[in-house]
Amino acid sequence: MPTMTPLRMPGEEKKRAPSRHSITIEKRESVSVSGVTDVISFDEESVIGETELGVLVIRGVNLHVNRINLESGELSVSGEIDGIAYENSGVGKKSFMGRLFK
């Protein structure tokens, strides 16, 4: 029996299957991230990207984005890595000012 291929309407985007999100740091000199869905901003002191598990902030000195491939969800950054953190999504959490003036 022949297999059926689902039809997509014009303008309907192909959805990617969720990939695994991982972070690899090498000697605080380079970071490789998988599962990246968007890069929000970057400069020499920070790279902010959206991942499948939330917004990721990479901070450092002389940061350089070596590779961005949103189709495969890969991001590669080099420089002096000072820290990596996930930003709170804000769901169910108040901002600092919101907690201060409750």
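The structure reproduced in this document is the subject of the present report. (Residues numbered from 1 in each chain as written. Predicted model: local features only at pLDDT ≥ 70, side-chain atom pairs only at ≥ 80, totals over all residues. Heavy atoms only, no water.)

Focus on the pairing of strand 3 (residues 36–42)
On a regular strand, each side chain points to the face opposite its neighbour's, so the side chains alternate between the two faces of the sheet. Where strand 3 and strand 4 (residues 46–51) come together, five bridges link them in antiparallel fashion. Looking across to strand 4, one finds that Asp38 is bridged to Glu50. Linking two consecutive strands that pair antiparallel, namely strand 3 and strand 4, is a turn of three residues. (Pairing = 2+ DSSP bridges. Helix = DSSP H or I, 4+ residues; strand = E, 2+ residues; numbered from the N terminus.)

Considering the pattern of salt bridges
Evaluated as defined, the whole model comprises two salt bridges. For Asp82, the salt bridge is made with Arg28, and the minimal N-O distance between the two is 3.5 Å. In this pair, Asp82 sits in strand 6 (residues 74–86) while Arg28 sits in the loop between strand 1 (22–26) and strand 2 (30–34), placing the two residues 54 residues apart along the sequence. You can call Asp82 partly exposed: its relative accessible area is 44%. Among the ionic pairs, Arg67 bridges to Glu74, the shortest N-O distance being 3.6 Å. (Salt bridge = Lys/Arg side-chain N within 4 Å of Asp/Glu carboxyl O. Buried < 20%, exposed > 50% of the residue type's maximum accessible area, 1.4 Å probe, protein only.)

Points about the pairing of strand 5 (residues 54–69)
Sheet topology places strand 4 next to strand 5; six bridges connect them, and they run antiparallel. If you follow Gly49 over to strand 5, its bridge partner there is Leu56. The turn linking strand 4 back onto strand 5 is made up of two residues. Bridge count for strand 5 against strand 6 is 11 bridges, and the pairing is antiparallel. Bridge assignment links Leu56 to a residue of strand 6, and that residue is Tyr86.

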